[in-house]
Number of protein chains: 2
Amino acid sequence: MYAALDEKEDFLMTETYMTIREMCDAYDVTPRTLRFYEAKELLFPERRGTKRLFTRRDRARLKLILRGKRFGFSLEDIRQLLDLYDPDQQNLPQMQRAFELGKERLVDLEARRAELEAIITDLKANLDWGAKLLADAQKTAAE
Amino acid sequence: MYAALDEKEDFLMTETYMTIREMCDAYDVTPRTLRFYEAKELLFPERRGTKRLFTRRDRARLKLILRGKRFGFSLEDIRQLLDLYDPDQQNLPQMQRAFELGKERLVDLEARRAELEAIITDLKANLDWGAKLLADAQKTAAE
DNA sequence: ATGCAGACTTACGTTTACGTCAACGTAACG
DNA sequence: CGTTACGTTGACGTAAACGTAAGTCTGCAT
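What this report covers is the structure whose coordinates are included nearby. In this text the structure is predicted, and so the values were computed from the model without any measurement.

## Considerations on the pattern of salt bridges
Inference 1: Evaluated as defined, the whole model comprises 28 salt bridges over all chains.
Inference 2: R70 of chain A serves as the salt-bridge partner of E115 of chain B, at 2.3 Å between the closest nitrogen and oxygen. Within this pair, whereas E115 of chain B is found in helix α5 (residues 92-142), its partner R70 of chain A is found in helix α3 (residues 56-70), the two belonging to separate chains.
Inference 3: For E115 of chain B, a relative accessible area of 17% gives the class buried.
Inference 4: A relative accessible area of 40% means that R70 of chain A is categorised as partly exposed.
Inference 5: One salt bridge in this structure joins R61 of chain B and D86 of chain B, with 2.5 Å as the shortest N-O distance. A residue pair is termed long-range when its members are at least 10 positions apart, and R61 of chain B in helix α3 (residues 56-70) and D86 of chain B in the loop between α4 (75-85) and α5 qualify at 25 residues.

So, in structure tokens, the structure goes:
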């Protein structure tokens, strides 16, 4: 289960559970953020008494959340997507919705990839152009 | 000038100036958004009396703004980058800052490209897996 | 001349994604 | 047994990116 949520460095992670502080240090987020994500039902840490215990599943989800954010997805967008990476096999209709949604996302992401490629090419060209302009300016100033 | 800001379809754009409504229709934004971008010094429409007239330069900048937003950049990030795409040759220090900033962005974008590649691969794998799960579920239900 | 569609300014409202106290619980340490 | 460190729940605050409503102006068609 959660095959896609696994990561290579997980073999280092001997602890099954992590406290909120360990999570913060490991993923560079604040406690507030983790509690906020829990409130928004993006994470589901267990409890020992009143304290949160973050599982492997939570860690995997958090990685995906942070990833999504870097690409401009809203938390609500991400919440939808998480259902795909972490399906509830008891709920067929939900799985199918997640599946359809995932296919749409794939199209979207591939379009983004193309656009990103264009942006990079573009930026490179502008950097070359800028370098030339700056070089000219240097020479002019030297006279 | 503004070589990188040109686009292929521009030859269709006979009008040098566009009204705010034309802009809204063309780029699917609201008037509020355009005025907001002007207030934030991302766009610099000219004025006929009190009314805004958006130039080719504004249109090129707007495209870049919308692009940047799709990739999760803040408007402030974007404002900085626009200086690179639209340099002020009277201002050497600003050009150099823009140049340095642009180089950093390039590194950033190339990292994003790699991550995006990983995300796509990942999502595809999950979709295949999901397809399998759904197929199994269908069969089970058929018995 | 007038009315009305659009554009303009000003200003307050809204949503997202947290930040920042305040007040309290609890567990370990000396 | 006190205090120090870390964790918890509200509750209010904030920055970014606009939305929205109110009131004004303005060009032009009737």
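The structure having been displayed, the exposition proceeds.
## Side note on the interface of chain A and chain B
Inference 1: Taken together, the contact between chain A and chain B spans 40 residues of the former and 40 residues of the latter.
Inference 2: Between chain A and chain B, roughly 4,200 Å² of surface is buried when both sides are summed, and carbon and sulfur atoms account for 70% of that area.
Inference 3: In this structure, the connection of chain A to chain B is made through 8 salt bridges.
Inference 4: Between K124 of chain B and E110 of chain A there is a salt bridge, and its shortest N-O distance comes to 3.6 Å.
Inference 5: If you look at where chain A meets chain B, you find 6 residue pairs in polar contact (both at pLDDT 80 or more).
Inference 6: Across the side of chain A that touches chain B, the residue classes break down as 22 nonpolar, 7 polar and 11 charged.

## Focus: the environment of P45 of chain A
Residues and elements named next belong to chain A.
Inference 1: Secondary-structure assignment places P45 in the loop between α2 (31-39) and β1 (46-48).
Inference 2: Placed 14 residues apart in sequence, P45 and R59 show a C-alpha to C-alpha distance of 9.6 Å.
Inference 3: Setting aside residues no more than four positions away along its own chain, P45 makes contact with E38, R52, L53, F54 and D58.

## Examining the protein's contact with DNA strand C
Inference 1: Around DNA strand C sit 15 residues in total, of which T30, R32, Y37 and K69 of chain A together with R52 of chain B are the nearest.
Inference 2: Among all atoms of DNA strand C positioned within 4 Å of the protein, those belonging to sugar or phosphate total 70%.
Inference 3: In this structure, a phosphate oxygen belonging to DNA strand C sits 2.7 Å away from a side-chain N or O atom of K69 of chain A.
Inference 4: Between a phosphate oxygen of DNA strand C and a main-chain N or O atom of L75 of chain A, the distance comes to 3.0 Å.
Inference 5: For the surface near DNA strand C, the leading source of residues is α2 of chain A, giving 4 residues.
Inference 6: When the residues that make up the surface near DNA strand C are grouped by side-chain class, the tally is 4 nonpolar, 4 polar and 7 charged.

Rules of the game
- Residues numbered from 1 in each chain as written.
- Chains lettered and ligands numbered in written order.
- Predicted model: local features only at pLDDT ≥ 70, side-chain atom pairs only at ≥ 80, totals over all residues.
- Heavy atoms only, no water.
- Salt bridge = Lys/Arg side-chain N within 4 Å of Asp/Glu carboxyl O.
- Helix = DSSP H or I, 4+ residues; strand = E, 2+ residues; numbered from the N terminus.
- Buried < 20%, exposed > 50% of the residue type's maximum accessible area, 1.4 Å probe, protein only.
- Contact = heavy atoms within 4.5 Å.
- Buried area = accessible area lost by both parts, 1.4 Å probe.
- Polar contact = N/O pair within 3.5 Å; in protein donor to acceptor, adjacent residues only side chain to side chain.
- Nonpolar A, V, L, I, M, F, W, Y, C, P; charged D, E, K, R; others polar.
- Near = heavy atom within 4 Å.

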